Amino acid sequence: MTDIDTLTGLFSALGADDAPGWADSEAEENIPQLARYRFLRMVWQDIDAWGSAATDWVEAYRKEGLAGGAVERALRLGLTPGELGEIAREVAKETAFGLLYSLADPTDGDLPPEVEEQLPGWCLAELSPQGEPTGRILDALYEDLDELEPQGLPGDAR
């Protein structure tokens, strides 16, 4: 897809701050920026849910779940659901970064090089709107994770 106006419109619809910049990068550099942006936007929605839905998950964890006791103790010590949400959001952000980094570089250093070189890797690939592979890989997504962090959300302490 190389139509700049169409790309810019799609980036704008997804909420990109610099929709023309993202569109230009995709068109000029043949980088699957729209797929990257869409994927990272979804990752941030999941990360942010830990903060924005803290009241809901704190209450659910209090009723059941492995972390129920820890959540109950934290509340008794004076932490609010919002504060627990801030902690959970940061843990989710670090986890997402680690997964995205591992997607780009599965070598973790725990195995001898002669074993590592025999192991399969993986990638996240772009599909067309019709579900067909485009041949373009979404590589090094961890590099853009912080850039796409939502800022100034209503009720957000960030």
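Look above for the structure.
In this text the structure is predicted, and so the values were computed from the model without any measurement. (Residues numbered from 1 in each chain as written. Predicted model: local features only at pLDDT ≥ 70, side-chain atom pairs only at ≥ 80, totals over all residues. Heavy atoms only, no water.)

1. Here we look at the pairing of strand β2 (residues 133-137)
Here two bridges tie strand β1 (residues 125-127) to β2, and the two strands are oriented antiparallel to one another. Paired with Leu127 across the two strands is Pro133, which belongs to β2. Connecting β1 to the next strand, β2, in antiparallel fashion are five residues, including Gly131 with a positive phi near 90 degrees. (Pairing = 2+ DSSP bridges. Helix = DSSP H or I, 4+ residues; strand = E, 2+ residues; numbered from the N terminus.)

2. Here we look at the side chain of Glu126
In this structure, Glu126 sits in strand β1. On the basis of relative accessibility, which here comes to 10%, the residue Glu126 falls in the buried class. Looking at Glu126, its side chain comes within polar contact range of the side chain of Thr134, at 2.7 Å. Leave out the neighbours within four places in its chain, and Glu126 touches Glu26, Pro32, Ala35, Glu132, Pro133, Thr134, Arg136 and Leu138. (Buried < 20%, exposed > 50% of the residue type's maximum accessible area, 1.4 Å probe, protein only. Polar contact = N/O pair within 3.5 Å; in protein donor to acceptor, adjacent residues only side chain to side chain. Contact = heavy atoms within 4.5 Å.)

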